[in-house]
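Results of the structural survey
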Amino acid sequence: DVKVTQSSRYLVKRTGEKVFLECVQDMDHENMFWYRQDPGLGLRLIYFSYDVKMKEKGDIPEGYSVSREKKERFSLILESASTNQTSMYLCASRAGGGRGEKLFFGSGTQLSVL
Amino acid sequence: DAKTTQPNSMESNEEEPVHLPCNHSTISGTDYIHWYRQLPSQGPEYVIHGLTSNVNNRMASLAIAEDRKSSTLILHRATLRDAAVYYCILRVSNAGGTSYGKLTFGQGTILTVHP
């Protein structure tokens, strides 16, 4: 089975800190995604990447950036964390090129910004 | 983007069938209908997807209306492990007919299964 691993389950940071959330997948998937999940708002797409060094903005990219230097790794960066970025962050991956429809999700990182 | 509408919550008894409805009246001809579910403290997991025809897999069945404006996820025998939030999502294809798999999640339906 595909495994999508997020580096931390829980993370506590201070306002203004630079935060890196790491995601690694082990199935050679072309497409990777970052979502955030908030009560009452569901999952919202922040950024996605369809290839190494390629990225596209999702629905709520403000305050975030991403990095995809290697195919298996997709990083979400909060340049200067703010309290409104306290959320559950979910990474997902999917095969590209018509080889797959399924999104595979990690277990999530609960980020608290104090 | 086409939107989906689902009931906020539903309840079922264990070992009974469950029919989870989803309306997507603005669906376009190339939009796939996807269902995911999210168990407590986990990321969402894929359940099933389809385009026009009904689909079956080991987890569930997907019944798609003839006009494609609605669909129903069917769990044939609910178990306590099926208690989750179920998301009905449209996967939008871009003009070239390909997609990067962008899925827009709504609020989903909270399914409670009673013993």
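Refer to the structure above for everything that follows.
Let us now look at the overall build of chain B. Each helix and strand in chain B was counted, giving 0 helices and 9 strands. Counting from the amino terminus, chain B carries its helices and strands in the arrangement β-β-β-β-β-β-β-β-β. Within chain B, buried positions represent 44% of all 115 residues. If you take every contact in chain B between residues at least 6 apart in sequence, the share linking residues at least 24 apart comes to 58%. Of the roughly 5,800 Å² of accessible surface on chain B, a fraction of 49% belongs to carbon and sulfur atoms.

What follows covers the side chain of A:S65. All names here are of chain A. Looking at the element boundaries, S65 is found in strand β7 (residues 65–70). Taking relative accessible area as the criterion, S65 reaches 18% and is therefore assigned buried. Within the local environment of S65, its side chain forms a polar contact with the side chain of E79, the two groups lying 3.3 Å apart.

The next thing to look at is the sheet that holds strand β1 (residues 4–6) of chain A. Residue and element names in this part refer to chain A. In space, the 4 strands of this open sheet follow the order β1-β3-β8-β7, with antiparallel pairing throughout. The strands lining the two open edges of the sheet, one partner per strand, are β1 and β7. Averaged over all pairs of adjacent strands, the angle between strand axes in this sheet comes to 20 degrees, irrespective of strand direction. The pairing of β1 with strand β3 (residues 19–25) spans 3 bridges and is classified as antiparallel. Within the sheet, the bridge partner assigned to V4 lies in β3 and is Q25.

A complete count under the given rule lists 2 disulfides over all chains for this structure. A sulfur-sulfur distance of 1.9 Å marks the disulfide that ties A:C23 to A:C91. The sign of the -80 degrees torsion about the S-S bond sets the A:C23-A:C91 disulfide as left-handed. One end of the pair, A:C23, is in strand β3; the other, A:C91, is in strand β9 (residues 87–94), with 68 residues separating them in the sequence. Assessed through its relative accessible area of 0%, A:C23 is described here as buried. Judged by relative accessible area, A:C91 falls into the buried class, the value being 0%. Between the sulfur atoms of B:C22 and its disulfide mate B:C88 the distance is 2.0 Å. Given an S-S torsion of about -80 degrees, the disulfide between B:C22 and B:C88 has left-handed geometry. With B:C22 in strand β2 (residues 18–23) and B:C88 in strand β8 (residues 84–91), this pair connects stretches of sequence that are 66 residues apart.

On to the environment of B:S41, then. Counting through the fold element by element, B:S41 comes out in the loop between β3 (32–38) and β4 (45–50). With near-sequence residues (within four places) excluded, B:S41 lies in contact with A:R9 and A:S107.

Turning our eyes to something else, we now look at the pairing of β3(B). All names here are of chain B. The buried fraction of β3 is high, at 6 of 7 residues. The sheet contact formed by β3 and β8 spans 7 bridges and is antiparallel. When the bridges of β8 are listed, Q38 appears paired with V85. Looking at chain direction, β3 and β4 are connected through 5 bridges and run antiparallel. Looking across to β4, one finds that W35 is bridged to I48. The hairpin formed by β3 and β4 contains 6 residues between the paired strands, and S41 there has a positive phi angle of roughly 65 degrees.

Before going further, it helps to spend a moment on the nonpolar core. Residue and element names in this part refer to chain B. Of all hydrophobic cores here, the largest spans 21 residues; its most connected members are L20, I33, W35, L73, L75, Y86 and L111. Every element with two or more residues in this core is listed here: β2, β3, β4, β6 (61–64), β7 (70–75), β8 and β9 (109–114). When residues of this core are assigned to their parent elements, the largest contribution, 4 residues, is made by β8. With residues near it in sequence (within four places) discarded, L73 still touches V18, H19, L20, W35, V47, I48, A60, S61 and Y86.

Cut-offs and rules
Residues numbered from 1 in each chain as written. Chains lettered and ligands numbered in written order. Predicted model: local features only at pLDDT ≥ 70, side-chain atom pairs only at ≥ 80, totals over all residues. Heavy atoms only, no water. Helix = DSSP H or I, 4+ residues; strand = E, 2+ residues; numbered from the N terminus. Buried < 20%, exposed > 50% of the residue type's maximum accessible area, 1.4 Å probe, protein only. Contact = heavy atoms within 4.5 Å. Areas by Shrake-Rupley, 256 points an atom, 1.4 Å probe, with all protein chains shown as cover. Polar contact = N/O pair within 3.5 Å; in protein donor to acceptor, adjacent residues only side chain to side chain. Pairing = 2+ DSSP bridges. Axes fitted to C-alpha atoms, helices over the stretch in contact; angles between N-to-C directions. Disulfide = S-S within 2.5 Å. Core = buried A, V, L, I, M, F, W, Y, C linked by side-chain atoms within 4.5 Å.

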